[in-house]
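Each chain, written out:
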Amino acid sequence: MTLFRQLLLTIVLLLSLMLMVVMAINFQTTKSYLIEQLRSTTQDSATSLSMQVSDYMALNDYVSVESYVNAVFDSGYFSEVRVHAYATDQDIARSNVTKISGVPNWFINAIDFDVPTANAVISNGWNELGQVYVTGSAGYGYYQLWLASRDLLLSFLAIGAAAVTLGGLLLRWLFKPLSEVEKQAEAIQQRRFVQMEKLPKTRELKSVVESMNRMAAKLEREFAAEAQTAQWLQAKAFKDPVSGLGNRNFFESQVSAHFADSDRTSDGLMLVSLIDLAKINNEMGYEAADNFIRSTANILETHLSSFSNATLARLNGADFVVLVPNIEIARLKELVSGVMLDLQDLSGSRVSYSESVANIGAVVIDDSVDRSNAMAQADAALRSAKQAGANQFSVFDSEMGQQMAIGRMAWKEMLEYAIEHRSFVLRRQPVASANDRNKLLQQELFASLEFEGKQYHAGYFIGLAEQFDLGERVDQVIIEHVIDMVKTTNLQGPFVINLSTSAYAKMSFVSWLDKLLTGLPDKVKQLLAFEVSEQSVLASEDHAFLLAQTLKGHDVKFGIDNVGKQFSAFQYLQTLMPDYVKVDPSYTKLAIGKESESFFMHTLCKMFNSLNIDVIATGVETDKQVEVLQRFDISGVQGYGVGRPTAFE
């Protein structure tokens, strides 16, 4: 219970206690007053009646006595008026049954009202002729007592309601600074380091707010320092200082993780070699050479911006390498041709030393080609381009590349068929606790397209679906399929669904997802989780924030995958505040490598944990990796060393 409600309840209890005490005192006072008043009235009536009938009693005129008895009885609130004559030893009386109207029965039964009886002697001279007895009516007493109690209660209720309302408003006004402090504390807990600019006037609250502001500022500086350290270490180990691209170490870590993935499809591998870079450096200076390198890097980054999960790095002085997953021969040729045209423009802008700018060699490889053979084929394509002359390129294809080129439009028909007939098959891969691999944290789901008895995993069709603007529809079908499965499964969740950038970047998709989750019971929503890649977050952070807020509104977990693959400042984490992050597989392999590389992993995990974000290491293949990762405060592990994907049925 909030402090506001506790204080308001205290006010209500005090008012109620005061009401009961005042009512008890007032009730007893009123009751005593009414009894005393009734006793006085009955005594006065008895005395008056005895004097009025004395002469008639002496004459034995009992008819006149009876008339006076009736007159007295009718003139007041009496239950009985009785005259006892000594001469005849008989009573002349008038009485009726007490009827109490306008008073609840429970009140009558609860109250014991003592009705007084007064008497007086009838005398004539020195002779006593009889006695007069007058008994008051309880109805009058009950009625007056009920009216007094009811009016007092209604008055107190009205005054109490007004006091509680006014007190509540005053308390809200007084508690407004405290409410802001509470919001600030919650924000700090979520690692949003907000500070209160308007200080409360209350001395104690002002001191608390100032302390909270100092703490928030300190935590913000510490997080910024951790993020800066992580970024510096990342750049030191994996970033080329001249081009701003990844260096050879970065490419080696990325390509090793990529070729270890059994779900990879066709890949494009491209080598770019600059001509006469050494001559530019010797004759025009290192600044001109560096400008040539940076211009080349900018051209490559521009052309690769539309390719998700592409890896770009500078291998050495004049050589660049590009790995583009899930690309067919036609698109690779189009990419290489566009890069070469822009590189040739460097000659006209005097960035290049001469008209001879570069050579490009590229190859499309399928999932049967290993890493060393892939590099050998790309190198052969580059040698072929160099033999053809300056500014030439050569693109080698393979059997897989030819099949992909031929089947491009067929893929669109297959995707449309799969969407219409919901022919997607799900596989699940466990994510286990780093400290206890028998403890399941979540299960990531992978979708495969089923067509004419064959299955094609996501690596084949996701990129094409985005090219054909079908990503949103594919994700919607898969999400609905997962929900149907979750409703009937006995397996432990939550089950993680990966969202494509083209889907959640659309407002229509987020609105659809919000409406879908609104109609689900909490039990089902607790079994769901959604992931997006770090690259997609950096490309559309506003859309990712909207998605994250939508999911948090339904208490559905939200995570970011492939974290650390991009050279980012990690500031997006404070904005999105995901429930967990999955570190790129390349860092999992580096964790057991050089000390500088493992130290970067340690810094990365420390930064995530400072934000209360769970860290999951992916690409875990051996027990040794798990053992080493436990030192980095890792929450969970995922990979073939933990469990292979199995059918979700």
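Every chain is numbered on its own, with residues counted from 1 as its sequence reads. For a predicted model such as this one, the threshold for reporting local features is a pLDDT of at least 70, and the threshold for listing and counting side-chain atom pairs is 80 or more; totals across whole chains, interfaces and linings nevertheless cover every residue. Remark: hydrogens and water are excluded; side-chain values derive from all non-hydrogen atoms of the structure.

Engineer: Which residues make up the overall build of the protein, and what values go with them?
Structural biologist: Runs of H or I in DSSP of at least four residues are treated as helices and runs of E of at least two as strands, each being numbered from the N terminus. Scanning the protein from terminus to terminus reveals 24 helices and 19 strands. Exposure is judged per residue with a 1.4 Å probe applied to protein chains only, and the accessible area is read against the type maximum: over 50% gives exposed, under 20% gives buried, and values in between give partly exposed. By the burial criterion, 47% of the 649 residues in the protein qualify as buried. Note on contacts: a residue pair qualifies if any of its non-hydrogen atoms lie within 4.5 Å across the two residues. Contacts in the protein between residues at least 24 apart in sequence constitute 71% of all its contacts with a sequence separation of at least 6. Method for areas: the Shrake-Rupley scheme with a 1.4 Å probe, in which residue coverage is limited to the protein chains shown. Taken as a whole, the protein presents about 32,400 Å² of accessible surface, with 51% of it coming from carbon and sulfur.

Engineer: Please provide a residue-by-residue account of the sheet that holds strand S5 (residues 267-274), values included.
Structural biologist: At least two DSSP bridges between two strands are required for those strands to pair. Reading across from one edge, S6-S7-S5-S8-S9 is the order of the five strands in this open sheet, with mixed pairing throughout. In this open sheet, the two strands that pair with only one neighbour each are strand S6 (311-314) and strand S9 (393-396). Taking each pair of neighbouring strands and ignoring which way they run, the sheet shows an average axis angle of 10°. Alignment of strand S8 (residues 358-365) against S9, held across four bridges, turns out to be parallel. Looking at S9, one finds that Ala-362 is bridged to Val-395. To define axes, lines are fitted to C-alpha atoms, for helices over the stretch in contact only, and angles between the resulting N-to-C directions are given on a 0 to 180 degree scale. Its contacts with the sheet place helix H7 (residues 248-259) against S5, S6, strand S7 (319-325) and S8, and it is angled at close to 150° to S6. Contacting S5, S6 and S7, helix H9 (residues 286-304) crosses the sheet at an angle of about 10° to S7.

Engineer: Tell me about the packing of aromatic side chains, residues and numbers included.
Structural biologist: Within 6.5 Å between ring centres, the rings of Phe, Tyr and Trp (the latter by its six-membered ring) count as paired, and their orientation is classed by plane angle as stacked under 30 degrees, edge-to-face over 60, tilted in between. Taken as a whole, this structure holds three aromatic pairs when the rule is applied. Each ring, one from Tyr-56 and one from Tyr-68, has its centre 5.7 Å from the other, and the planes form 40°; the classification is tilted. Remark: Tyr-68 occurs in helix H3 (residues 62-75) and Tyr-56 occurs in helix H2 (residues 54-58); sequence separation between them is twelve residues. A residue is classified by how much of its surface remains accessible, and Tyr-56, at 27% relative accessible area, is partly exposed. The lysine or arginine in question, Arg-644, covers the ring of Tyr-640, its NZ or CZ lying 4.1 Å from the ring centre. In this scheme, the term charge over a ring applies when either NZ of a lysine or CZ of an arginine sits within 6 Å of the ring centre and within 35 degrees of the ring normal.

Engineer: Residue-level account of the pairing of S8, with values.
Structural biologist: Burial of S8 is extensive: eight of the eight residues sit out of reach of the surface. Alternating residues of S8 divide into Ala-358, Ile-360, Ala-362 and Val-364 and Asn-359, Gly-361, Val-363 and Ile-365, and every residue in both groups is buried. In this structure, S5 lies alongside S8, joined through eight bridges in antiparallel fashion. Its bridge partner being in S8, Leu-271 is matched across the sheet by Gly-361. Following the backbone out of S8, through helix H11 (residues 371-388) and into the adjacent parallel S9, one traces a crossover that is left-handed. Convention used here: a crossover is right-handed provided that the path from the first strand, over the helix, to the second strand proceeds clockwise when the strands point away from the viewer.

Engineer: Which residues make up H3, and what values do they have?
Structural biologist: Here the expected span of a helix is defined as 1.5 Å times the quantity of residues minus one. An ideal rise of 1.5 Å per residue puts 20 Å on 14 residues; H3 measures up with 20 Å between its terminal C-alpha atoms. Listed in full, the buried residues belonging to H3 are Ser-64, Val-65, Val-69, Val-72 and Phe-73.

Engineer: Outline helix H17 (residues 507-518), listing residues and values.
Structural biologist: Along its twelve residues, H17 runs 16 Å from first to last C-alpha, staying within 8% of the 16 Å computed at 1.5 Å per residue. Its buried side turned inward, H17 meets helix H15 (471-488), helix H16 (501-504), helix H18 (522-525), strand S14 (528-533) and helix H20 (541-553).

Engineer: Can you lay out the pairing of strand S3 (residues 117-124) for me, pointing to particular residues and giving the numbers?
Structural biologist: Sheet topology note: the S3/strand S4 (residues 127-136) ladder contains eight bridges and is antiparallel. Counterpart to Asn-124 in the pairing with S4 is Asn-127. A loop of two residues connects S3 with S4, the two strands running antiparallel in sequence, and Gly-125 in this loop sits at a positive phi of about 70°.

Engineer: Kindly report on the pattern of salt bridges, identifying the contributing residues and their values.
Structural biologist: If the charged atoms of two oppositely charged side chains come close together, the side chains can form a pair. What makes a salt bridge here is a side-chain nitrogen of Lys or Arg within 4 Å of a carboxyl oxygen of Asp or Glu, nothing more. Under the criterion given, the structure shown has 13 salt bridges. Close ionic contact of Asp-151 with Arg-150 constitutes a salt bridge, the shortest N to O distance being 3.5 Å. We classify Asp-151 as partly exposed; its relative accessible area is 37%. We classify Arg-150 as partly exposed; its relative accessible area is 35%. Ionic pairing is found between Arg-383 and Asp-379, a salt bridge with its closest N-O pair at 2.5 Å. Of this pair, Arg-383 and Asp-379 both sit in helix H11, four residues apart, roughly one helical turn.

Engineer: Got a sec to walk through the nonpolar core? Specific residues and values, please.
Structural biologist: As used in this record, nonpolar core signifies buried Ala, Val, Leu, Ile, Met, Phe, Trp, Tyr and Cys residues forming a set joined through side-chain atoms within 4.5 Å. In terms of nonpolar packing, the biggest core is built from 90 residues, with Leu-528, Leu-573, Phe-608 and Ile-634 touching the most fellow members. Residue contributions to this core peak at eight residues, all from H15. What Leu-528 contacts, discounting residues up to four positions off in sequence, is Val-482, Ile-483, Val-486, Pro-494, Phe-495, Ile-497, Leu-517, Leu-520, Val-556 and Lys-557. Residues Val-339, Leu-343, Val-357 and Ala-358 belong to the second largest nonpolar core, which totals 36 residues.

Engineer: Go over the sheet that holds strand S1 (residues 78-85), please, and point to the residues and values.
Structural biologist: Pairing is antiparallel across the open sheet formed by four strands, whose spatial order is S2-S1-S4-S3. One side of each edge strand has no neighbouring strand; the edge strands of this open sheet are strand S2 (90-95) and S3. Sheet twist, expressed as the average angle between the axes of neighbouring strands with direction ignored, equals 15°. One ladder, built from seven bridges, connects S1 with S4; its direction is antiparallel. Residue His-84 lies in a different strand from S4, and its bridge partner there is Gln-131.

Engineer: Any chance you could break down the packing of H15 against H17 for me, citing the residues and the numbers?
Structural biologist: For the pair H15 and H17, interaxial distance at closest approach is 11 Å and the crossing angle is 10°. One element, H15, and the other, H17, form an angle in the roughly parallel class. Here H15 runs over H17; the crossing is right-handed. Contact with H15, carried on its side by Glu-472, Asp-475, Gln-476, Ile-479, Glu-480 and Ile-483, involves Ser-508, Phe-509, Trp-512, Leu-513 and Leu-516 of H17 and no other residues of that element. Gly falls in the polar group here, along with every residue not listed as nonpolar (Ala, Val, Leu, Ile, Met, Phe, Trp, Tyr, Cys, Pro) or charged (Asp, Glu, Lys, Arg). The residue makeup of the contact of H15 with H17, split by class, is six nonpolar, two polar and three charged. For this classification, under 35 degrees means roughly parallel, over 145 means roughly antiparallel, 65 to 115 means roughly perpendicular, and everything else is oblique. Each crossing is labelled by how the near helix is turned from the far one, with a counterclockwise turn of less than a right angle marking it left-handed and a clockwise turn marking it right-handed.

Engineer: For the confidence of the model for the protein, give the residues involved together with the corresponding values.
Structural biologist: pLDDT is defined as a per-residue confidence score from the predictor, taking values between 0 and 100. Counting all residues, the mean pLDDT for the protein is 81, and 88% of those residues have values of 70 or more. Mean pLDDT values over the elements of the protein span from 43, in helix H12 (residues 399-406), up to 93, in strand S13 (residues 495-498). Across residues 399-406, confidence stays below pLDDT 50; counting only partners more than four residues off in sequence or on other chains, it has 13 contacts.

Engineer: Hey, could you go over the environment of Gly-125 for me, with residue numbers and the actual values?
Structural biologist: Of note, Gly-125 is situated in the loop between S3 and S4. A residue is classified by how much of its surface remains accessible, and Gly-125, at 65% relative accessible area, is exposed. Measuring from C-alpha to C-alpha, the distance between Gly-125 and Ser-54 comes to 9.4 Å, with 71 residues separating the pair along the chain.

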